[in-house]
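What the coordinates show
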Amino acid sequence: MNRFLLTLLAVSLSRAALADPPAAYSFVDFAGAPSAADYKDGRGTAARFWNPTGIARRPDGTLVVADTNNHAIREISPDGHVTTLAGGASPQTLARDGRGVHARLQFPTGAAIDDKGNVYFYEPPTRRVRRVRPDGTVETHLAFYGFFTSISSDSRGRIYVL
């Protein structure tokens, strides 16, 4: 499975599964590159991801991606420029609140955006829902005993965790 390529329609698509896609769909390489797991900000296919597991869209068209194995939350601008919003590729042994790349994340999964522009994601090892404020500050939002499989938001900006 190709886990390193973002398309305009989905994350982690299998090229083999798309061997005969319906005529109504077309897929475009938007950011990242097939079979090139790495951590690199950049434009379009020059950028690199490692197991992206969540995606959300801001009102301006910017995509927010949970880059799980890179321990980062990344943004993709409408023109395809990838930047790191929080965390980074170095091994994250302890989750730590902070700002931007100074925050430490552990395998972030999922992505949701509320009506104030905050980004939410879930960290399975810490069992926490964490928030990235628009200024890039990462903080623990909720801590639970249990595991979740999904996080999303609705048109009113409410966050749902499953």
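Before any of the text, the structure's been laid out above.
Residues numbered from 1 in each chain as written. Predicted model: local features only at pLDDT ≥ 70, side-chain atom pairs only at ≥ 80, totals over all residues. Heavy atoms only, no water.

1. Quick notes on the nonpolar core
Rules: We call a set of buried Ala, Val, Leu, Ile, Met, Phe, Trp, Tyr and Cys residues a nonpolar core when their side-chain atoms join them within 4.5 Å. A 1.4 Å probe rolled over the protein chains alone gives each residue an accessible area, and that area as a share of the maximum for its type sets the label: buried under 20%, exposed over 50%, partly exposed in between. Two residues form a contact once any of their heavy atoms are found within 4.5 Å.
Grouped together as the largest cluster of nonpolar side chains are 14 residues, with contacts concentrated most on Ile73, Ala86, Leu105, Val119, Phe121, Val132 and Val138. Aside from chain neighbours lying at most four places away, what touches Ala86 is His71, Ala72, Ile73, Gly100, Leu105, Val132 and Val138. Ranked by size, the runner-up nonpolar core spans eight residues in total, among them Phe30, Phe49, Val65 and Ile76.

2. Structural notes on the side chain of Glu75
Condition: By the criteria applied, helices consist of DSSP H or I runs no shorter than four residues and strands consist of E runs no shorter than two, each listed in order from the N terminus. Contacts described as polar in this section are N or O atom pairs within 3.5 Å, which, within protein, must combine one atom able to donate a hydrogen with one able to accept it, while residues neighboring in sequence count only if both atoms come from side chains.
With respect to the secondary-structure elements, Glu75 resides in strand E6 (residues 72-76). Residue Glu75 is classed as buried on the basis of its relative accessible area of 18%. Among the polar contacts listed, one links the side chain of Glu75 to the side chain of Arg58, at a separation of 3.0 Å. In contact with Glu75, other than residues within four places in its own chain, are Arg58, Thr62, Leu63, Val64, His81, Val82, Thr83 and Leu85.

3. Focus: the sheet that holds E6
Cut-off, in case you're wondering: By this definition, two strands are paired if DSSP reports at least two bridges between them.
Overall, antiparallel pairing links the five strands, which are arranged E3-E7-E6-E5-E4 in an open sheet. The sheet is open, and its two edges are formed by strand E3 (42-43) and strand E4 (52-57), each paired on a single side. Pairing of E3 with strand E7 (residues 81-87), which is carried by two bridges, proceeds in the antiparallel orientation. Each bridged residue has a counterpart across the sheet, and for Arg43 the counterpart in E7 is His81.

4. Quick look at the environment of Phe49
With respect to the helices and strands, Phe49 occurs in the loop between E3 and E4. Taking C-alpha positions, Phe49 is 8.1 Å from Ala33, a pair spaced 16 residues apart along the chain.

5. Looking at the sheet that holds strand E12 (residues 137-143)
Read across the open sheet, the five strands follow the order E8-E12-E11-E10-E9; overall the sheet is antiparallel. Only two strands of the sheet have a single neighbouring strand rather than two, namely strand E8 (98-99) and strand E9 (109-113). Here E9 pairs with strand E10 (residues 119-123) via three bridges, running antiparallel. Opposite Thr109, over in E10, you have Tyr122 as the bridge partner.

6. Digging into the pairing of E7
Among the seven residues that make up E7, five are buried, leaving the element largely enclosed by the rest of the structure. Where E6 lies against E7, five bridges are found, and the strand directions are antiparallel. Within E7, the residue paired with Ala72 across the bridge is Gly87. Between E6 and E7, which pair antiparallel and follow one another directly, the connecting turn spans four residues, one of which, Gly80, has a positive phi of 95°.

The values are spatial; any link to function lies outside them.
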